[in-house]
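Observations on chain architecture
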Amino acid sequence: MTESTETPAAAAPEKTPTENGTTETPPEETPEKATEEKEKVETPPPKEMRAVVLTGFGGLKTVKILKKPEPSVGEGEVLIRVKACGLNFQDLIVRQGAIDSPPKTPFILGFECAGEIEQVGEGVTNFKVGDQVVAMPEYKAWAELVSVPAQYVYALPEGMTALDAVAVTTNYVVAYLLLFEMANLTPGKSLLVHSAGGGVGQAVAQLAKTVENVTVFGVCSKSKHEALKANNNNIDHLLERGSDYTSEVRKVTPDGVDIVLDCLCGEECNRGYSLLKPMGRYILYGSSNIVTGETKSFFSAARAWWQVDKVSPIKLFDENKSLAGLNLRHLLFQNGRADYVRRAVDRVFTLWGEGKVKPLVDSTWALEDVGEAMQKMHDRKNIGKLVLDPSLEPKPKPATPAKGKAGKEKKPSKESSEEKKDKEAKEEEKKPAENGEKNDEKNGEEPVTNGNSDEESKEEKKEKESS
C-alpha cells in the first residue's frame with residue numbers, strides 16, 4: 001500500500017447560521033485587506049514637540065509647557081525650527097484674556113520667533129530649506145516648531161543671530177513706524193516716550209538718535225535710571241514714572257514737545273496731549289495700564305477708558321494738534337498690510353547692518369521658565385528685551401524639605417489594629433518581670449538572673465531542709 005502524495009484540500013470556511021435559519025459564509029481575508037490592517041498597526045505615532053500652551057485665561061498657573069503634535073507645512077507656508085522667541089507685553093494681555101478676539105483655549109502662545117526653515121510649502125518661491133529667518137505669526141510662536149505663512153516671514157541679514165532677530169524685529173519695527181511713518185520725526189524736534197527702559201522704549205531712543213538734534217525725554221521707574229545711564233543711554237532726560245513729569249519737561253522746554261509716544265493709556269493720554277506743542281502729535285501704541293494684577297481686571301480696563309478725555313475733531317482743528325494710534329497686530333492680520341510692514345522690516349535690518357541700532361537684551365530664559373520671565377515683565381523690572389530659548393535647560397527647582405507646614409516634622413503613620421494588639425501584648429509580658437525586679441531591689445536583694453545564680457539558690461534550699 002502506497003502513501004498518497006496529494007496535499008489535503010483546504011477546509012471550507014465555516015458557515016454561521018443567521019436569524020432566518022439560513023447559513024452565511026464569512027468573507028475571505030484578501031491580501032489587500034491584510035496589507036491595510038498591517039499598515040494601521042505599523043503606523044508610528046505623530047511626532048511631538050514642546051510648546052508654551054495657555055490652558056485658560058488668567059494667572060501664571062494657566063501657562064503650561066506641554067507636548068503637542070508637530071505642525072505640518074501647508075500651502076504658502078514655511079516650517080521653522082525655532083531657536084529664539086520674543087516676549088512682548090502683548091503676551092501678558094493675551095494671557096489675561098484682555099486682548100480683542102482671543103482664540104479659544106488651549107492654544108500655543110507667542111507672536112515672535114526666529115530660527116531655520118526645515119520645510120517649504122507649495123507655492124513658496126522666496127524661501128528655501130536652511131534659510132535663517134524671523135517670523136511674526138498670529139500666535140503659536142513659542143514652540144520648537146512653527147508653521148507660518150510666508151508673508152509674515154523675513155530673511156535675516158548676514159551676521160544676525162536668532163537672538164538678535166527677536167530682539168530687533170517687533171520692537172524696532174514698531175519704533176520705526178511710530179517715528180518715521182506716523183510722527184514724521186525731523187531734525188530739531190523733541191519727543192517723550194513712556195516705558196523708556198523696555199524693548200520698544202530703547203528702540204525708540206536709538207532710532208530717534210539717527211536723526212540730528214533730536215531731544216528725547218524718557219519716563220520709566222526710578223530703579224532703572226542708573227542702569228540706563230550706564231548702558232550707553234540715548235535718552236537726554238530721564239523722568240520718574242508716577243511723578244509730575246509734565247512739570248519737569250516744561251522746565252527744560254516750556255512750550256512742550258513735538259511728539260508723545262504712549263504705551264500706557266489711561267490718565268497718561270491727557271497728560272501727553274497737554275504737553276504737545278502746536279503741530280505736535282500724540283500716538284498711542286499700547287494699553288499696559290489695564291494690566292494691574294495677575295488676572296484680568298474689569299475695573300482697571302474701565303478706569304483706563306474713563307480717564308481718557310474725549311477729544312473732538314474741532315478741538316484738534318483749533319489747537320493744531322494730532323492724535324494717532326498704532327496696532328502692529330491689526331496692521332498685519334486685520335488690515336492686510338503685510339507688504340507695508342515688510343518694507344519697515346527691511347529698513348530696520350539695514351540700520352542694524354550699518355551699526356546704527358543695537359538691541360538691548362535684558363535676559364534669556366528656557367521655555368519652562370516662561371512664568372518667571374512674564375512676572376519680571378509684569379513687575380516692569382526688565383531693561384530691554386526678554387527672550388525665550390528652547391535649547392536652554394530650565395532652572396533647577398529648589399528641593400522641598402521633608403517637613404510639614406510651619407517647619408514641623410511629619411507625624412508617623414498610624415499603626416494598624418493588629419500591630420497595635422501585638423505591641424500591647426508584648427508590653428503586658430514585660431510588666432511581671434519588671435515588677436519582680438523592683439520588689440527584689442526594695443528588699444535589698446539582687447534580682448535573679450540566669451546562669452550559676454539559679455544553681456546556688458537550689459543548694460542553699462537543700463541545706464536548710466537537711467538542718
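Preceding block: the structure.
A short tour of the structure in this document, coming up. (Residues numbered from 1 in each chain as written. Predicted model: local features only at pLDDT ≥ 70, side-chain atom pairs only at ≥ 80, totals over all residues. Heavy atoms only, no water.)

**Considering the overall build of the chain**
A tally of regular secondary structure across the chain gives 14 helices and 18 strands. Within the chain, the proportion of its 467 residues that are buried is 40%. Nonlocal contacts in the chain, meaning residues at least 24 apart in sequence, comprise 67% of its contacts between residues at least 6 apart. Just so you have it, the chain exposes about 28,000 Å², and 50% of that area is on carbon and sulfur atoms. (Helix = DSSP H or I, 4+ residues; strand = E, 2+ residues; numbered from the N terminus. Buried < 20%, exposed > 50% of the residue type's maximum accessible area, 1.4 Å probe, protein only. Contact = heavy atoms within 4.5 Å. Areas by Shrake-Rupley, 256 points an atom, 1.4 Å probe, with all protein chains shown as cover.)

**Examining helix α2 (residues 89-96)**
Counted residue by residue, α2 has seven buried out of eight residues, so it is predominantly covered. Residues of α2 that are buried: F89, D91, L92, I93, V94, R95 and Q96. Backbone geometry just downstream of α2 places G97 in the positive-phi region, at approximately 80°.

**Brief notes about the pattern of salt bridges**
On inspection of all chains with the given rule, the structure shows 16 salt bridges. E116 is the partner of K83 in a salt bridge, and the nearest nitrogen-oxygen pair spans 3.7 Å. In this pair, K83 sits in strand β5 (residues 77-87) while E116 sits in strand β7 (residues 113-120), placing the two residues 33 residues apart along the sequence. One salt bridge connects R329 with D100, and the closest N-O pair in it is separated by 2.5 Å. Here R329 is found in helix α10 (residues 328-333), whereas its partner D100 is found in the loop between α2 and β6 (107-108), with 229 residues between them in sequence. R329 sits in the buried class, given a relative accessible area of 6%. One continuous salt-bridge network, built from bridges that share partners, spans R50, E144 and E368. (Salt bridge = Lys/Arg side-chain N within 4 Å of Asp/Glu carboxyl O.)

**Remarks on the nonpolar core**
By size, the foremost hydrophobic cluster in this structure holds 99 residues, and its most contacted members are W142 and L191. For this core, the leading source of residues is helix α3 (residues 162-182), giving 13 residues. Formed by 15 residues, the second largest nonpolar core is a distinct cluster that contains Y245, Y273, Y282 and L316. (Core = buried A, V, L, I, M, F, W, Y, C linked by side-chain atoms within 4.5 Å.)

**Description of the side chain of S190**
Here S190 lies in strand β11 (residues 190-194). For S190, the residues in contact, after removing those within four places along its chain, are T215, G256, V257, D258, I259 and K277.

**With respect to the sheet that holds strand β13 (residues 237-240)**
A sheet is described by the order of its strands in space; here six strands give the open sequence β13-β12-β11-β14-β15-β16, paired in parallel fashion. The sheet is open, and its two edges are formed by β13 and β16 (322-325), each paired on a single side. With strand direction ignored, the average angle separating the axes of adjacent strands in the sheet is 15°. Relative to β16, strand β15 (residues 276-284) runs parallel, the two sharing four bridges. (Pairing = 2+ DSSP bridges. Axes fitted to C-alpha atoms, helices over the stretch in contact; angles between N-to-C directions.)

Such coordinate-based values are descriptive only and should not be taken to indicate function.
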